[in-house]
Amino acid sequence: MSPFKHISIFVALSCIPSSTFAFAPSGISSSIHDRNSALYSTVPPLTEAADAIEFPEPLSKVERVKRAATFWSSALPIIASYYGKNTELKLRETLLGECLSDEECEVIWDEQHEKGASTLKEAITNLKGFYVKTAQIIASRSDLFPRQYTEKLSGFTDNLDPMPVKLAKAVVSQELLHEGETFEDMFIEFDEVPLGAASIAQVHRAVLSEKYGGPREVAVKIQRPAIEPKLMGDIANLKQLAKTLRGNLPLDYYTVFSELEVQLADEFDFVKEAVAMDRIYTALSRSIDGSKPAEIPLVIPRPVPGLVCGRVLVMDFLRGVPLSRAREEMEKKGIDPNSPESKLFGRKLLRALTYVFGRSILETGFFHADPHPGNIFVLEDGSIGLIDFGQVKQITGRKRETLAKLMVSLVQKGSDGIPEDLGRIGDLAIELGVEIKEDAKEEAACATAIWLFDGSVQDLPGGYENKELSGNSPVNELKSFPQDLVLVGRASVLIKGLSARLNIPWSLATEWAPIAQNALDYSAGKLEVDSKEKGGNAQRGVRFRDVLSTLKLWGKAKGTMAVTKLPQPIRARVAAVIVKIQDRRARQKLVVKK
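The rules behind the values
- Note on numbering: residues in each chain are counted from 1, in written sequence order.
- Totals for whole chains, interfaces and linings use all residues, but because this is a predicted model, local features are given only for residues with pLDDT of at least 70 and pairs of side-chain atoms are given and counted only at 80 or more.
- The basis for every side-chain value is the complete set of non-hydrogen atoms in the structure, without hydrogens or water.
- Comment: elements are numbered from the N terminus, with helices defined as DSSP H or I runs of at least four residues and strands as E runs of at least two.
- Only protein chains enter the accessibility calculation, which uses a 1.4 Å probe; a residue whose area is less than 20% of its type maximum is buried, one above 50% is exposed, and one in between is partly exposed.
- The contact criterion used throughout is that any non-hydrogen atoms of two residues lie within 4.5 Å.
- Each salt bridge in this description consists of a side-chain nitrogen of Lys or Arg and a carboxyl oxygen of Asp or Glu lying within 4 Å of one another.
- A 3.5 Å cut-off defines polar contacts: any pair of N or O atoms within that distance qualifies, except that in protein one atom must be a possible hydrogen donor and the other a possible acceptor, and neighbouring residues in sequence count only when both atoms are side-chain atoms.
- Residues enter a nonpolar core if they are buried and are Ala, Val, Leu, Ile, Met, Phe, Trp, Tyr or Cys, with the set joined through side-chain atoms within 4.5 Å.
- Only residues whose relative accessible area exceeds 30% and that form no salt bridge enter a patch; like-charged residues are grouped when within 9 Å of one another, and nonpolar side chains (Val, Leu, Ile, Met, Phe, Trp, Tyr) when within 5 Å.
- In short, Shrake-Rupley with a 1.4 Å probe defines the accessible areas, and a residue's cover is counted only from the protein chains shown.
- When charges are counted, Lys and Arg are positive and Asp and Glu negative, with His and the chain ends excluded.
- Each charge is placed at NZ for Lys, CZ for Arg, CG for Asp and CD for Glu.
- Whether two aromatic rings pair depends on their centres lying within 6.5 Å, for rings of Phe, Tyr and Trp, where Trp uses its six-membered ring; planes under 30 degrees apart make the pair stacked, over 60 edge-to-face, and the rest tilted.
- Charge-over-ring contacts are defined here by two conditions on Lys NZ or Arg CZ: a distance within 6 Å of the ring centre and an angle within 35 degrees of the ring normal.
- Criterion used throughout: strands pair if DSSP finds at least two bridges between them.
- For every element, the axis is a line fit to its C-alpha atoms; helices are fit only across the contacting stretch, and the angle between N-to-C directions ranges from 0 to 180 degrees.
- Put simply, the grid is 1 Å and covers the protein atoms alone, a cavity is a trapped set of points that fit a 1.4 Å probe, a pocket is an open set with protein on both sides within 12 Å along at least five of seven lines, and lining residues have an atom within 4 Å of a point.
- Grid points are joined across faces, edges and corners, and a volume is the space filled by probe spheres set on the points.
- Polar here means any residue outside two lists: the nonpolar Ala, Val, Leu, Ile, Met, Phe, Trp, Tyr, Cys and Pro, and the charged Asp, Glu, Lys and Arg; Gly therefore counts as polar.

Trainee: Account for the environment of E189, with residues named and values stated.
Mentor: In this fold, E189 is placed in strand β1 (residues 187-190). Given a relative accessible area of 38%, E189 falls into the partly exposed group. Considered as a pair, E189 and V218 are 29 residues apart in the sequence and their alpha carbons are 9.9 Å apart. Once you skip the residues sitting within four places of it in the chain, E189 turns out to touch R205, A206 and V207.

Trainee: How would you explain the pattern of salt bridges if you had to name every residue and give the values?
Mentor: Side chains bearing opposite charge may pair, as long as their charged atoms lie close to each other. Counted under the stated rule, the structure contains 20 salt bridges. A salt bridge links K211 to E181, with the nearest nitrogen and oxygen atoms 2.7 Å apart. Of this pair, K211 sits in the loop between β3 (201-208) and β4 (216-223) while E181 is found in the loop between α8 (165-176) and α9 (183-186), placing the two residues 30 residues apart along the sequence. The exposed category is assigned to K211, whose relative accessible area is 56%. Between E401 and K405 there is a salt bridge, with the nearest N and O atoms lying 3.4 Å from each other. You can see E401 and its partner K405 sitting in helix α15 (residues 397-412), 4 residues apart, about one turn around the helix.

Trainee: Break down the side chain of R359 for me, citing the residues and quoting the values.
Mentor: By the secondary structure assignment, R359 is in helix α14 (residues 340-364). Here the side chain of R359 touches L284 through a polar contact of 3.0 Å, landing on its backbone oxygen. Leave out the neighbours within four places in its chain, and R359 touches A283, L284, R286, S287, I288, A294, T364 and I515.

Trainee: Can you tell me about the nonpolar core, naming the residues and giving the values?
Mentor: By size, the foremost hydrophobic cluster in this structure holds 113 residues, and its most contacted members are L406, M407 and F453. If you tally residues by element for this core, the top one is helix α17 (residues 444-453), at 9 residues. Sequence-distant contacts of M407, defined by excluding residues within four places in its chain, comprise L362, F453, A509, W512, A513 and A516. Counting 23 residues, the second largest nonpolar core, distinct from the first, contains A168, V218, V220 and V314.

Trainee: Break down a negative patch on the surface for me, with residues and values.
Mentor: Among the surface-exposed residues, D102, E103, E104 and E106 lie close enough to one another that they form a single negatively charged patch. With respect to the helices and strands, E103 occurs in helix α5 (residues 102-127). Owing to a relative accessible area of 59%, E103 belongs among the exposed residues under this scheme.

Trainee: Let's hear about the packing of aromatic side chains: which residues, and what values?
Mentor: Tallied over the entire structure, the rule returns 5 aromatic pairs. A ring pair is formed by Y82 and W109, whose centres lie 6.2 Å apart and whose planes are at 10 degrees; its orientation type is stacked. Note that Y82 is positioned in helix α4 (residues 61-95) and W109 in helix α5, a separation of 27 residues in sequence. Here Y82 falls in the buried class, since its relative accessible area comes to 0%. With centroids separated by 5.1 Å and ring planes inclined at 85 degrees, the aromatic side chains of F183 and F190 adopt a geometry described as edge-to-face. Note on accessibility: F183 and F190 belong to one class, buried. Aromatic rings pair up to connect F183, F187 and F190 into one cluster. Positioned above the aromatic ring of F366, the side-chain terminus of R279 is 3.9 Å from the ring centre.

Trainee: If you had to explain the sheet that holds strand β10 (residues 384-386) to someone new, which residues and values would you point to?
Mentor: Spatial ordering of the open sheet is given by β7-β9-β10, a layout of 3 strands whose pairing is antiparallel. Each end of this open sheet is capped by a strand with a single partner; those strands are β7 (320-322) and β10. Recorded for the sheet is a direction-independent mean angle of 30 degrees between the axes of neighbouring strands. The pairing of strand β9 (residues 376-379) with β10 spans 3 bridges and is classified as antiparallel. Residue pairing in the sheet places V378 in a bridge with I384 of β10. Where α14 meets the sheet, it contacts β9 and β10, and its direction lies at approximately 35 degrees from that of β10.

Trainee: A description of the environment of G155 should follow, citing residues and the corresponding values.
Mentor: The residue G155 is located in the loop between α7 (147-152) and α8 in this model. Sequence-wise, G155 and K121 are 34 residues apart; in three dimensions their C-alpha atoms are separated by 9.5 Å.

Trainee: Describe empty space enclosed by the protein, and please don't skip the residues or the numbers.
Mentor: The full count for this structure, using the stated rule, is 6 cavities of 30 Å³ or more. Taken as a whole, the second largest cavity holds about 100 Å³ of empty space. What lines the second largest cavity is a set of 14 residues, among which L432, V434, L452, F453 and F481 lie closest to the centre. Every element with two or more residues in the lining of the second largest cavity is listed here: α15, α16 (419-432), α17 and α18 (486-502). For the lining of the second largest cavity, the leading source of residues is α17, giving 5 residues. Partitioning the lining of the second largest cavity into residue classes produces 12 nonpolar, 2 polar and no charged.

Trainee: An account of a nonpolar patch on the surface is needed here, citing residue identities and associated values.
Mentor: A cluster of nonpolar side chains, namely L91, L95 and L96, defines an oily patch on the protein surface of about 350 Å² accessible area. Examined against the element boundaries, L91 turns out to sit in helix α4. Assessed through its relative accessible area of 45%, L91 is described here as partly exposed.

Structural data, given as structure tokens:
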């Protein structure tokens, strides 16, 4: 690992790494918000319980300055320490003729990473706010960042210091209760210890009363009072840091934070989150033309109508643990995280996320834009849940179509690097808005597209490397990345990171290409034409296929249930056989692609 890479690690890390991809949503239009307000909102007066609690005040100007100073006093020394260590090693080599082996260098840099990670964790623990989101991205990218950073920061994904339960109840009372109602009129149970606490809100398990449709187990998401100015101030600090380091980073992170500063406001409105949750669920539960039902391979919670407002969201309760704690839970149950059972679940997880994000991005262009291990749940029955729709993104129809063409072209390209194929991929990347530096190699745009969407390719066109922080990464050739596609990139990076952590080769392009082709056919009217030409026979065929699909899902569910009830040793053997079959199919798929 080059010294430059070690220095770049914290520089990129300070600016939400790997990604231009760590940004908030552009959100939902005000017309959607207005149209759904009647369904989701209530406007009750203050209650006595709320009046009795002192709500936190927004940060004063002096406090904001103090917070910024704390951030800078933590960030700059860590960055300087990497530059200092690099200079020290160069001087030892130049002046003393001391040439260290790779193993000796690795030990030195491991110590440096340990110090940097500890300092960064302490700073984020003290500051919280938006810096927590930075930690969430780092913790999910074991393929990109040193082990010391991913391990130290993994606790920030779902478990921040919660606000007192009295304050949480006061917020709920203020936002949801009507005059004369008590908290017990709405909830017959309300867990005092939250299920999770994040930078913007925390979630409590509760049970609704009969008056509100119960008894029904629900999750109650409650926004932290006065959190908005704190987070926006944090973004301003990161934006200033990115501006200071502009020109010294692989990507223009200043542009990223500038858009984030504008877009983050939507995440503070839980009515928009409820609308987004319903909209994504509805789109995924039907085929692209809406003619038949479709299986959703993961669970999406639904909001409770009438119990949603700007700062409180009541929704379905998902019983399970976040992915960030899944390894710990597996070890408690005596399951080896490296066993065939774990690998089998890993493939299931990758397939589910790939399918859901693929359909959302390529069919409607409206998708969940904050995927990280704290928002992905492993449920008690072994299924997967996706939560927190506060950050969403809508990309235009033109960009969606170009992206679909890119997925198809990536799969259709030959393995021998035919110039026409590479040129077409590069042209589509440029059409998406990717800007390449003037002195970059001709293959830079194509290599960037392959790096982002095809993790199975090791040797990129033009001799580029597929490691993001490598000095020879195609990312270094980017002049700018289209803001509309930053969050598409974030979904891609999450899935790439999970596949690397699970050691499962995975090509998003290969998995997304059939979805992309279907979306292109639908846009061109081919699906409608086929249906009209076949007439009544088509309708009968569709019904027959629906029956077959339902039977297939039923059999799959029964088979899965039967396997989970087997004794652990037998279950492990069955999982090993299934993994071997899946590995063989995956290799065949990659061979066909090549």
